[in-house]
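Here's the letter readout for the chains.
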Amino acid sequence: MCLAVPGRVMDIEERDGTRMATVDFGGVVKEVCLEYLPDLQVGEYAIVHVGFALQRLDEESARKTLELFAELGLLQEEFGDPWDRAEGTGGSSGSDGADAPEEVQK
């Protein structure tokens, strides 16, 4: 699943002519492009999808949405370790091979 997640702008800088921000998504910090919201300021909240800030959001709505996403486990699903997701371990320390398919005998 790929969510549009609210985040708070921590800082803003220009990189190679593109306005970029460091955004906090309830404890997960990511880099976000601000080209669609050129007047967004530090401390404001925005809805972010695939690395782009798409819409300004008030603080109360952002906090409620982040709390709901956290309760539903959607933040972990969205921002969790991609290697764990690819392995299907969901955050465990590794696979013991018990779930591996059996070899086909010829």
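Small disclaimer: the values here were computed from a predicted structure and weren't measured. (Residues numbered from 1 in each chain as written. Predicted model: local features only at pLDDT ≥ 70, side-chain atom pairs only at ≥ 80, totals over all residues. Heavy atoms only, no water.)

**Regarding the pattern of salt bridges**
Okay, so step 1: If you walk through the whole model with that rule in mind, you get six salt bridges.
Okay, so step 2: Through salt bridges with shared partners, a single ionic network connects Glu13, Arg15 and Glu31. (Salt bridge = Lys/Arg side-chain N within 4 Å of Asp/Glu carboxyl O.)

**Some words on the pairing of strand E1 (residues 5-15)**
Okay, so step 1: Relative to strand E4 (residues 45-49), E1 runs antiparallel, the two being bridged by four bridges. Paired with Gly7 across the two strands is Ala46, which belongs to E4.
Okay, so step 2: As defined by bridge partners, E1 adjoins strand E2 (residues 18-25) across seven bridges and the pair is classed as antiparallel. Residue pairing in the sheet places Val9 in a bridge with Val23 of E2.
Okay, so step 3: The hairpin turn running from E1 into E2, its antiparallel successor, is two residues long, and Asp16 in that turn takes a positive phi close to 50°. (Pairing = 2+ DSSP bridges. Helix = DSSP H or I, 4+ residues; strand = E, 2+ residues; numbered from the N terminus.)

**Regarding the environment of Val42**
Okay, so step 1: By secondary structure assignment, the location of Val42 is in the loop between strand E3 (28-33) and E4.
Okay, so step 2: Setting aside its immediate chain neighbours within four residues, Val42 contacts Val9, Met10, Asp11 and Ile12. (Contact = heavy atoms within 4.5 Å.)

**Brief notes about the nonpolar core**
Okay, so step 1: By size, the foremost hydrophobic cluster in this structure holds 16 residues, and its most contacted members are Val5, Val23, Phe25, Val32, Leu34, Leu40 and Ala53.
Okay, so step 2: Going through the elements one at a time, E1, E2, E4 and helix H1 (59-72) are the ones with two or more residues in this core.
Okay, so step 3: A total of three residues in this core trace back to one element, the largest contributor, which is E2.
Okay, so step 4: With residues up to four places along the chain from it excluded, the contact list for Ala53 reads Val32, Cys33, Leu34, Tyr36, Leu37, Leu40, Ala46, Ile47 and Val48. (Core = buried A, V, L, I, M, F, W, Y, C linked by side-chain atoms within 4.5 Å. Buried < 20%, exposed > 50% of the residue type's maximum accessible area, 1.4 Å probe, protein only.)

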